[in-house]
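# Observations on chain architecture
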Amino acid sequence: MAKARKTPEEKPGPVITNPAISAAVSSATANTILQIHPITAKYWSLGGASGWLGTNTTGILTCPDGIGKYQHYVNGSIYWHHATGAHEVHGLIRARWSSMGWERSLLGYPITDETKTPDGTGRYNHFQGGSIYWHPSTGAWEVHGSIRNRWASLGWEKSFLGYPLTNETKTPDGAGRYNHFQGGSIYWHPTTGAWEVHGAIRDHWASLGWERSVLGYPVSNEEVVFGGAGRISHFQKGSIYWSPTQGARVLRQFVRVHVKQLVAPISFTLNEQFAAMQDVYATAGIRVDWSTTENLSLSTLEDVDVGGCTMGSVTAEQITLFGNRNFVGTNDLVVYYVRSTVPGYNGCAAHPSGRPGCVVVRTASRWTLGHEFGHVLGIHHVNNNNRLMTGNGTFNITNPPPDLVNTEVTALLNSGLSRLI
Ligand SMILES: [Zn+2]
């Protein structure tokens with residue numbers, strides 16, 4: 001047992017006293033090392049014939065490209081190329097690589113041995129042109145190119161996507177490519193790039209016909225909407241929004257909103273107000289794009305005179321206030337956050353002609369923003385506290401999120417201020 005405790009460093013080397021013999025030994029050792037093929041060195045490092053690869057079933061052979069070399073063994077292969085070194089490939093990963101055409105496939109030569117994934121469950125080989133990942137419950141599948149880059153950026157198999165369930169596959173339209181994963185998919189198209197889609201949003205997109213649907217290919221990953229509970233994925237021709245209250249909704253139109261902040265809101269954050277507006281406007285299939293935010297130093301307008309707050313009629317102070325239109329394009333909407341209106345309201349949607357926008361006070365309700373823009377887009381008060389357009393004050397809304405009825409949805413969609421994505 002004393003032998004077992006001895007480390008290699010403790011072993012005395014041969015004592016060679018004759019310089020001629022010493023030189024001969026060095027030369028022989030060097031020659032021997034030079035003559036070991038990298039495949040053989042790798043084989044020995046894995047235990048040789050008594051290791052898990054087992055005995056060789058071929059000699060060291062030359063690949064069809066005339067450059068690389070390989071040797072097959074009972075339980076796997078070692079491939080060598082001067083650009084990659086020698087690496088072993090075995091099991092179902094080797095079977096997948098073989099099915100694709102070995103080193104002549106898009107994957108090229110292995111650049112790693114089979115390696116345990118960080119989660120300890122799966123295995124992978126990286127290759128020059130991509131990777132093959134194996135998991136006991138999914139099998140072995142290749143991932144490469146932009147889709148692999150996207151998967152990597154999300155955290156490989158440790159991401160919510162988990163392990164691949166398919167090879168990269170051509171979409172039915174012939175233009176794009178995708179891999180399905182345990183937790184979702186990554187879709188690629190030459191003009192959009194590669195983006196993940198998952199969960200209820202993916203389910204809804206699938207129900208519409210995937211990339212062949214009116215929405216086309218994804219152009220974003222799934223995103224959180226204004227820091228709230230809503231989630232959104234953008235596609236070429238629209239977005240899919242999901243929230244606990246709305247489920248999945250297709251958004252084909254959008255309004256673009258600019259925030260001009262004279263006084264910061266104190267009852268609800270801007271994020272909370274925009275998240276609430278988006279949740280309601282999803283009923284109408286309208287996406288709320290919060291475009292810019294600008295702080296304005298206009299102390300004389302912080303308590304702004306809105307007169308009777310009647311659509312089509314504005315005061316001199318409203319005309320001055322709504323003249324602040326940095327960044328605002330045609331048909332864009334502007335909300336001015338103030339301390340108060342005179343007389344006092346939560347907000348006021350009266351605006352000068354051609355300058356669609358509203359005023360919201362800092363103590364407004366969560367729903368005021370969407371309510372005032374409802375007026376701007378042409379819908380009117382109702383006496384029903386279940387609805388966004390209640391005339392009884394949006395603090396009295398009883399069933400959040402408040403409703404939009406069909407006639408209101410139609411009016412919002414037909415407003416020139418709500419535009420097709
Ligand atoms: Zn109102």
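Reading the values: the criteria
Residues numbered from 1 in each chain as written. Predicted model: local features only at pLDDT ≥ 70, side-chain atom pairs only at ≥ 80, totals over all residues. Helix = DSSP H or I, 4+ residues; strand = E, 2+ residues; numbered from the N terminus. Rg over C-alpha atoms; globule rule 2.2 N^0.38 Å. Buried ≥ 20, exposed ≤ 12 C-beta atoms within 10 Å, placed from the backbone. Contact = placed C-beta atoms within 7 Å. Axes fitted to C-alpha atoms, helices over the stretch in contact; angles between N-to-C directions. Parallel < 35°, antiparallel > 145°, perpendicular 65-115°, else oblique. Nonpolar A, V, L, I, M, F, W, Y, C, P; charged D, E, K, R; others polar. Pairing = 2+ DSSP bridges. pLDDT = per-residue confidence, 0-100.

Next up on the list: the overall build of the protein. Helix and strand counts for the protein come out as 10 helices and 24 strands. Here the C-alpha atoms of the protein give a radius of gyration of 33 Å, more than 25% beyond the 22 Å that 2.2 N^0.38 yields for 421 residues. C-alpha atoms of the protein, sized along the principal axes, occupy 110 × 50 × 40 Å. Looking at the protein residue by residue over its 421 residues, the buried ones come to 41%. Sequence-distant contacts in the protein: of pairs separated by 6 or more residues, those separated by 24 or more amount to 51%.

Contact pair helix 7 (residues 270–281) / helix 9 (residues 368–376): the axes reach a minimum separation of 7 Å and the direction vectors enclose 55°. Overall, the two elements helix 7 and helix 9 adopt an arrangement that is oblique. Contact with helix 7, carried on its side by Gln273, Phe274, Ala276, Met277, Val280 and Tyr281, involves Leu369, Gly370 and Phe373 of helix 9 and no other residues of that element. For the contact of helix 7 with helix 9, the residue count by class is 7 nonpolar, 2 polar and no charged.

On to the environment of Ile397. Topologically, Ile397 is positioned in the loop between helix 9 and helix 10 (406–414). On the basis of neighbour counts, which here come to 22 C-beta atoms within 10 Å, the residue Ile397 falls in the buried class. Distance from Ile397 to His381, taken between C-alpha atoms, is 13 Å for residues 16 residues apart in sequence. The residues touching Ile397, leaving out its near neighbours within four places in the chain, are Trp367, Asn385, Thr390 and Pro402.

It is worth spelling out the sheet that holds strand 14 (residues 231–235) at this point. Spatial ordering of the open sheet is given by 13-14-15-16, a layout of 4 strands whose pairing is antiparallel. The outermost strands of the open sheet, each flanked by one partner alone, are strand 13 (223–224) and strand 16 (247–251). Both strand 13 and strand 14 contribute to a ladder of 2 bridges, which runs antiparallel. When the sheet's bridge partners are listed, Val224 is paired in strand 14 with Arg231. Packing of helix 6 (residues 199–208) onto the sheet brings it into contact with strand 14, strand 15 (238–243) and strand 16, and relative to strand 15 it is tilted by some 135°.

One open sheet holds the 4 strands; their spatial order is 1-2-3-4, and the pairing between them is antiparallel. Across the chains shown, the open sheet's two edge strands, defined by having one partner strand only, are strand 1 (61–62) and strand 4 (85–89). Sheet topology places strand 3 (residues 76–81) next to strand 4; 5 bridges connect them, and they run antiparallel. Its bridge partner being in strand 4, Ser77 is matched across the sheet by Val89. Relative to the sheet, helix 3 (residues 38–45) contacts strand 2 (69–73), strand 3 and strand 4, its axis offset from that of strand 4 by approximately 50°.

Here the focus is the pairing of strand 2. For strand 1 and strand 2, the ladder comprises 2 bridges, and the chain directions are antiparallel. From the neighbouring strand, Leu61 faces strand 2, where its bridge partner is Tyr70. With antiparallel pairing between neighbouring strands as the criterion, strand 1 and strand 2 make up a hairpin whose turn holds 6 residues, including Gly66 at a positive phi of roughly 75°. Note: strand 2 against strand 3, 5 bridges, orientation antiparallel. Bridged to Tyr70 within strand 3 is Tyr79. Linking strand 2 back to strand 3 in an antiparallel pair, the connection comprises 2 residues.

A few words on unusual backbone geometry. Omega for the bond connecting Val342 with Pro343 falls within 30 degrees of zero, at 0°, which places this linkage in the cis form. As for its position among the elements, Pro343 is in the loop between strand 21 (340–342) and strand 22 (347–348). Between Pro400 and the following residue, Pro401, the backbone shows a cis peptide bond with an omega angle of -5°. With respect to the secondary-structure elements, Pro401 resides in the loop between helix 9 and helix 10. Residues other than glycine seldom take positive phi values, yet Cys309 does so here, at roughly 45°. Among the structural elements, Cys309 can be located in the loop between strand 19 (303–305) and helix 8 (316–321).

This brings us to the pairing of strand 3. Of all 6 residues making up strand 3, 5 are buried, and the element is well covered by its neighbours. Count of turn residues in the strand 3/strand 4 antiparallel hairpin: 3 residues.

Let's shift gears to the confidence of the model for the protein. For the protein, mean pLDDT is 93; residues scoring 70 or higher make up 92% of the total. Per-residue pLDDT stays below 50 along residues 1–18; that stretch engages in 4 contacts with residues further than four places along the chain or on separate chains.

Okay, the environment of Val361 next. Relative to the helices and strands, Val361 resides in strand 23 (residues 357–361). Considered as a pair, Val361 and Arg339 are 22 residues apart in the sequence and their alpha carbons are 5.4 Å apart. Once residues within four sequence positions are removed from consideration, Val361 is found in contact with Val338, Arg339, Ser340, Thr341, Asn346 and Gly347.

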